[in-house]
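A look at the structure
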Number of protein chains: 2
Amino acid sequence: MSVHFRKLALIGIGLIGSSIALAARRQGLVEVISIATRKQDTLDEARELGLGDIYTLDAAEAVRGADLVILCTPVGAYESVIKTIAPALEPGAIVSDVGSVKGHVIKALAPHIPEGVSLIPGHPLAGTEHSGPAAGFAELFTGRWCVLTPTEDVNPAQTEKLAAFWRAMGSQVEAMDAAHHDMVLAITSHIPHLVAYNIVGTVADLEAATQSEVIKFSASGFRDFTRIAASDPVMWRDVFLTNRDAVLEMLGRFTEDLSVLQRAVRTGDGPALEAMFTRTRAIRRSIISAGQETAAPDFGRPHEAPPASPLPIVREHGGGDDA
Amino acid sequence: MSVHFRKLALIGIGLIGSSIALAARRQGLVEVISIATRKQDTLDEARELGLGDIYTLDAAEAVRGADLVILCTPVGAYESVIKTIAPALEPGAIVSDVGSVKGHVIKALAPHIPEGVSLIPGHPLAGTEHSGPAAGFAELFTGRWCVLTPTEDVNPAQTEKLAAFWRAMGSQVEAMDAAHHDMVLAITSHIPHLVAYNIVGTVADLEAATQSEVIKFSASGFRDFTRIAASDPVMWRDVFLTNRDAVLEMLGRFTEDLSVLQRAVRTGDGPALEAMFTRTRAIRRSIISAGQETAAPDFGRPHEAPPASPLPIVREHGGGDDA
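Residues numbered from 1 in each chain as written. Chains lettered and ligands numbered in written order. Predicted model: local features only at pLDDT ≥ 70, side-chain atom pairs only at ≥ 80, totals over all residues. Heavy atoms only, no water.

Just so we agree on the cut-off: UniProt positions are given in the numbering used here, feature names are shortened, and annotations may be inferred rather than shown by experiment.
The name that an unreviewed UniProt entry assigns to chain A is prephenate dehydrogenase, with the source organism given as Devosia litorisediminis. In its Pathway (unreviewed entry) section, the UniProt record describing chain A reads: "Amino-acid biosynthesis; L-tyrosine biosynthesis; (4-hydroxyphenyl)pyruvate from prephenate (NAD(+) route): step 1/1."

What follows is the structure, given as structure tokens:
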């Protein structure tokens, strides 16, 4: 199916919004791109970069006549945005977004979606360490997953149309229930970030002498956690405020498992520890088989397409060898 | 001070042992290298690689006449090794090792060290994903820390001699109390690994449908944890069995902090979450200032010298931009 939208409205034009603009233009997926931002500076920057055809501070004007509207603002701004644009949305239009939680987004947007408009939230699992309109590039989504969480009353043809748009930009697309998305992301992304923030926080509370040595020897593992914990605090605050239930559910399982591990350490239960450290390898192998392993760390790094062939399992040496 | 040992005995010749052999030879730090292993295969491999001058299955023979003995076997084998070699150790010799815990090592070795022999345990913070005699390379220690934990009765001149040996192989050397080493490593290395194993274990218990999606979307953070949790289970079992007290102390602080974070998520305390996610940045900056940041993840990866100039702070994008 050839993908074609008459007018794409991007509300917000940071890294993701600008990458969508560039990818959609390059692939010839849209005729007109209209861009709305809240700040004049950002709008001027987008115009200088030539990201669109229409530039406005009025989000309602941006969406007029658009058959695809994608919110690329922080999730916290959605309710105010949807109230502004709802009266200007055309029947047949698709409203989507790029936020990292989905149940909350549906709660914020659904009540304001007019009759005949399809709400299909989306989450492209892509990013780099840069932000702003100049950070975007057309290849950002190449080989990356995009999850769509259409609401129940949406016509499947509309979902397929949006999926085709993302596939044309290079993504692999998966549709699922918003609650399921939030649970999966809680364990793949939100809990790892929470744990990383937590361990760095524990170090921040150590006495100064120990702390300076922790920093010195941070390459032994801790450093990688600080890289994760260097992510944007405001964005992560919002993730935890808006995906609370799924995070607490997964955190409950995590702490329960940690208590079991802690007991095995306390009682010196070697066989239990070895068994627990061994069973995690199957998961690792699955990730490699799924082509999801790359040589580079993902946290806060530019993304590339997954490698054509899986990499070998890596192991860490820890100071003991067979004699 | 020019570094010179008459005879270096390496007990165990895996990645670390073979790298010491190559680096010491290249830098001209020793006259004779004797190598002892438990298995004939490993010994034959070391001989084919030309790692030493003397090859033997008898550790006592290997240490005869040696002024530097370094145990490079798993920590669990130390007690049996030291009992074997103790009668053959010469007065004036230094006995060291490369294990990742130090208090336990002193407990295992000290009672067997003869009068006039200096026990100076060591821990080179270096490794790659490979193991065995063929994995070694002379540059492994370049720019990496090596911690020495001399026992109280050791002559400082002996410690300095061993420190000079490590510096000549490219390491930065730091001497400290064994208990302090174990506490610092518990938080920089052991707890990060425990937490990584734990989160991968939590995923291993998820229902199959969710698990397959977790694997699919693992690049969002979880994947980096699986890389950590792919480390050698037996080695890590031994770390947790031999550094129990420090691990439990640090794990106690970690879980206490996690409870506070969990409460903030549950009560939707945005300011507290943001504050906690912000204060971790100072630690990150310190690591970068200390030159301990590299572009590559450390877990199970080949090491290189730290970069000459610090890298910029990285941030992760999560689907929201300023509009």
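Now that the structure has been shown, the text picks up again.
**Observations regarding the environment of Phe5(A)**
Residue and element names in this part refer to chain A. The test is simple: Working definition: helices are DSSP H or I runs of at least four residues, strands are E runs of at least two. Numbering for both runs from the N terminus. Residue contacts follow a heavy-atom distance rule, with two residues in contact if any of their heavy atoms lie within 4.5 Å.
Tracing the backbone through its elements, the reader meets Phe 5 in strand S1 (residues 5–11). For Phe 5 and Asp 238, which are 233 residues apart along the polypeptide, the C-alpha to C-alpha distance reads 31 Å. In this view, Phe 5 contacts Leu 29, Val 30, Glu 31, Asp 67, Leu 68, Ile 94, Lys 161 and Phe 165; residues no more than four positions away in its chain are not counted.

**Describing the packing of aromatic side chains**
What counts is decided by this rule: For Phe, Tyr and Trp, rings pair up if their centres lie within 6.5 Å, where Trp contributes its six-membered ring, and each pair is then called stacked (planes under 30 degrees apart), edge-to-face (over 60) or tilted (otherwise). When accessible area is computed with a 1.4 Å probe and restricted to protein chains, residues below 20% of their type maximum are described as buried, those above 50% as exposed, and intermediate ones as partly exposed.
Counted by the stated rule, this structure contains 15 aromatic pairs over all chains. Between the aromatic rings of Phe165(A) and Trp166(A), the centroid separation amounts to 6.3 Å while the plane-to-plane angle is 85°, which identifies the pairing as edge-to-face. When sorted by exposure, Phe165(A) lands in the same class as Trp166(A), which is buried. An angle of 25° between the planes, with centres 4.1 Å apart, marks the rings of Tyr197(A) and Phe277(B) as stacked. One end of the pair, Tyr197(A), is in helix H7 (residues 178–204); the other, Phe277(B), is in helix H12 (residues 270–289), on a second chain. There is no split in this pair, since Tyr197(A) and Phe277(B) are both buried. Taken together through their ring pairs, the aromatic side chains of Phe5(A), Phe141(A), Phe165(A) and Trp166(A) make up a single cluster.

**Focus on the sheet that holds strand S7 (residues 122–124) of chain A**
Residue and element names in this part refer to chain A. Short version of the rule: Only strands that DSSP links by at least two bridges are regarded as paired with each other. For helices, the fitted axis covers only the stretch in contact; all axes are lines through C-alpha atoms, and the angles between them, taken along N-to-C directions, range from 0 to 180 degrees.
Strand order in this open sheet of three strands is S7-S8-S9, and the pairing throughout is mixed. Edge positions in the open sheet fall to S7 and strand S9 (172–175), since each of these has one partner strand only. Strand-to-strand, the axes of this sheet are offset by a mean angle of 20°, without reference to chain direction. Note: strand S8 (residues 145–148) against S9, four bridges, orientation parallel. Bridge pairing in S9 links Cys 146 to Val 173.

**Brief notes about the pattern of salt bridges**
To keep things clear, this is the line we draw: Salt bridge, as used here, is a side-chain nitrogen of Lys or Arg placed within 4 Å of a carboxyl oxygen of Asp or Glu.
Tallying each qualifying case throughout the model produces 32 salt bridges over all chains. For Arg253(A), the salt bridge is made with Glu207(B), and the minimal N-O distance between the two is 3.9 Å. Taken as a pair, Arg253(A) in helix H11 (residues 244–266) and Glu207(B) in the loop between helix H7 (178–204) and helix H8 (208–216) lie in two separate chains rather than in one. Residue Arg253(A) is classed as partly exposed on the basis of its relative accessible area, which comes to 27%. Its salt-bridge partner being Asp224(B), residue Arg223(B) comes within 3.9 Å of it at the nearest N-O pair. Judged by its relative accessible area of 2%, Arg223(B) is buried.

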